[in-house]
Amino acid sequence: FAAVSALLSGCSEDLPPPPPQPIAFSHMAHVQSEIECTRCHVGVETQAEAGLPPISTCAVCHRREIPDHPEVQRFMTYMENDEPILWRKVHVIPTSAMVHFKHSPHVAAGVECATCHGDVGQMTVAQQMVDIADMGWCIACHQENGASTDCLTCHH
């Protein structure tokens, strides 16, 4: 309940619109296919950043799964040309505060992805769901869940 409450209280109409992406990727389609977040965001459990899979990982399935879809064809063109896909970050944490956010401790503490990212399984386009422009939302969540609010937890 605390996570849902924190998510709803952090929502803002002033959130930035989703950035344009090189490929119209649908989290919804992948969640409906029962693909876990950690299958693509492999670093989320062990590293600071969630990370994205290499193009070759996606191609394993998409060589046979909906290969005629225009976005899959666009994706495969990147792979065939050995070009990186330059995804734009959706959740940008201000760096001026020298914040060092790490996914791994949040995952280890059992924080669900949706707490901060919203229900991406219901989004056709990933978009920021909470206001992380200042640390108020994060502190409120930490306080509600008994997590440390010591400055050095995030600022180091």
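All of the points below concern the structure found in this document. (Residues numbered from 1 in each chain as written. Predicted model: local features only at pLDDT ≥ 70, side-chain atom pairs only at ≥ 80, totals over all residues. Heavy atoms only, no water.)

With that settled, consider the environment of H100. With respect to the element layout, H100 can be found in the loop between α5 (70-80) and α6 (103-108). On the accessibility criterion, H100 (34% relative accessible area) is partly exposed. Residues H100 and L152, spaced 52 residues apart in sequence, show a C-alpha to C-alpha distance of 9.6 Å. Sequence-distant contacts of H100, defined by excluding residues within four places in its chain, comprise C154 and H156. (Helix = DSSP H or I, 4+ residues; strand = E, 2+ residues; numbered from the N terminus. Buried < 20%, exposed > 50% of the residue type's maximum accessible area, 1.4 Å probe, protein only. Contact = heavy atoms within 4.5 Å.)

Attention shifts here to the packing of aromatic side chains. Enumeration according to the criterion identifies one aromatic pair in this entry. With centroids separated by 6.3 Å and ring planes inclined at 80°, the aromatic side chains of F25 and W87 adopt a geometry described as edge-to-face. Here W87 lies in the loop between α5 and α6 and F25 lies in the loop between α1 (2-10) and α2 (27-32), a separation of 62 residues in the sequence. (Phe/Tyr/Trp six-rings, centres within 6.5 Å; stacked < 30°, edge-to-face > 60°.)

Turning to the nonpolar core, a few remarks are in order. Core analysis: the largest hydrophobic core is formed by eight residues, namely I23, I55, A59, V72, F75, M76, Y78 and I85. Counting residues per element, the ones that place at least two in this core are α4 (55-62) and α5. Ranked by residue count, the leading element in this core is α5, at four residues. Not counting the four nearest positions on each side in its chain, F75 is found in contact with I23, I55, C58, A59 and I85. (Core = buried A, V, L, I, M, F, W, Y, C linked by side-chain atoms within 4.5 Å.)

Buried within α4 we find I55, A59 and H62. Here the buried residues of α4 occupy an arc of 70° about the axis, which is enough to place them on one side. On its buried face, α4 is in contact with α2 and α5. (Arc of directions from axis to C-beta.)

The subject of this paragraph is helix α8 (residues 136-144). Those residues of α8 that sit buried are W137, C141 and H142. With its buried residues spanning 135° around the axis, α8 presents them on a single face. Directly beyond the C-terminal end of α8, a positive phi value near 70° is found at G146.

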